[in-house]
Amino acid sequence: MLLPLLLLAFHSRGEAAAGKSVNFASNTPTLSGTLPLVVAQDFGFFAAEGLEVKTVLIRGGPTAMAALVGGGVDFTLVAGVAAVRAIAQNAPMLIISGIQPYMDYTLIGAKGTGGVNDLKGKVVGVTGPGGIAEFAAVEGLAKKGLMRDRDYKILYGVGNSPARAQALESGKIQASPFSFLERLELEKKGFPALFDIGGVMPGFPFVVIASSKQKIETDPEGVVAALRAISRGLEFLKKNPDRVAESVIKKNTFGDPATVRKVINQFAGVYSTSISREDVEALITATRIEAEARQLGGAEKFFTRQFLLKAGGQGR
């Protein structure tokens, strides 16, 4: 009689030790795009909450959100503008937290460009209309006093990052926005960094954490646990960037040690789970879906702070 009970107890302890399985999607393999998850995983913050987290790389925000809604993943890191656009189109999901309230873009100029004023009468290239790159370039240059169409032109359809770099080299365009890691590579090749767009546009929720309404309704404790682990991990990262860098370098999966340290020093103090109504309204404006948002009932229909507040994060 005791044997089955002992086996059951042993099995239960094994399940508890293993932790509750959680899939977390990311649509970029870069260190800056996954560092909050790496820290929470490698330094035991997920395990402390009874979670066994697997990070799943899913290229493209729409694909990641489709996996989220379909139940293939529990949470996803996704661009804020992509999240609000999907919700406006009735995707059953909500933003549950911020993660990167910093627009990770630098405006890079063609070789020989001395500064922002050299772009007057020139062409700035972006991937396509209505995208985050266009928003970053236009709003960032406006902060610097240059107005679209009056001072410079926007060229759509230039392509992805390598294509835009080639367009800079050929003279097809004279500037384009690039991510921090792309900036490091382009500067090595002699392309000048004109200005940090995130630095002139603070408080923009560039990347957020989203979850499906089904996950939120059926596992609220799991949502709180995941956010608490990430929040604690971010606090650890801010206080121990060198220790985190050493751990990441040992993995040998995120480039050379110098690049790893640059990325961690750049972002360690930037990440934040904070999210507010004003943040979401900024995303709605950037995505140009004000009318759709009003029909849904306003910014409150796009996000919730209840889990973040219970997790002890910065709900504002």
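Residues numbered from 1 in each chain as written. Predicted model: local features only at pLDDT ≥ 70, side-chain atom pairs only at ≥ 80, totals over all residues. Heavy atoms only, no water.

Engineer: Which parts of the structure should I look at to understand helix α14 (residues 277-287)?
Structural biologist: Every α-helix winds through 3.6 residues per turn, so residues three or four apart in the chain are directed the same way. Along α14, the residues classified as buried are Asp279, Val280, Leu283, Ile284, Ala286 and Thr287. The arc enclosing the buried residues of α14, seen along the axis, measures out at 165°, which places them on a common side. At its buried positions, α14 is contacted by α5 (80-88), β4 (93-100), α6 (132-143) and α15 (290-296). Phi for Arg288, located one or two positions after α14, is positive at around 60°. (Buried < 20%, exposed > 50% of the residue type's maximum accessible area, 1.4 Å probe, protein only. Helix = DSSP H or I, 4+ residues; strand = E, 2+ residues; numbered from the N terminus. Arc of directions from axis to C-beta. Contact = heavy atoms within 4.5 Å.)

Engineer: For this particular structure, what's the right way to read the pairing of strand β6 (residues 122-125)?
Structural biologist: Strand residues, when the strand is regular, have side chains that alternate between the two faces of the sheet. By the bridge criterion, four bridges tie β6 to strand β7 (residues 152-155) in an arrangement that is parallel. Counted as the bridge partner of Lys122 is Tyr152 from β7. For the crossover that starts at β6, traverses α6 and ends in the parallel β7, the hand is right-handed. (Pairing = 2+ DSSP bridges. Right-handed = clockwise from strand over helix to strand, strands pointing away.)

Engineer: Would you mind showing me how to read the sheet that holds strand β2 (residues 51-57) here?
Structural biologist: Here we have five strands laid out as an open sheet, ordered β2-β1-β3-β10-β4, and mixed in their pairing. For this open sheet the edge positions go to β2 and β4, each flanked by a neighbour on one side alone. Averaged over neighbouring strand pairs, the angle between their axes works out to 25° when direction is ignored. As judged from the two bridges shared by strand β1 (residues 20-26) and strand β3 (residues 75-79), these two strands associate in the parallel manner. (Axes fitted to C-alpha atoms, helices over the stretch in contact; angles between N-to-C directions.)

Engineer: Where do I start with the environment of Pro62 in this structure?
Structural biologist: Positionally, Pro62 belongs in helix α4 (residues 61-70). Through-space distance from the C-alpha of Pro62 to that of Arg85 is 9.8 Å; in sequence the pair is 23 residues apart.

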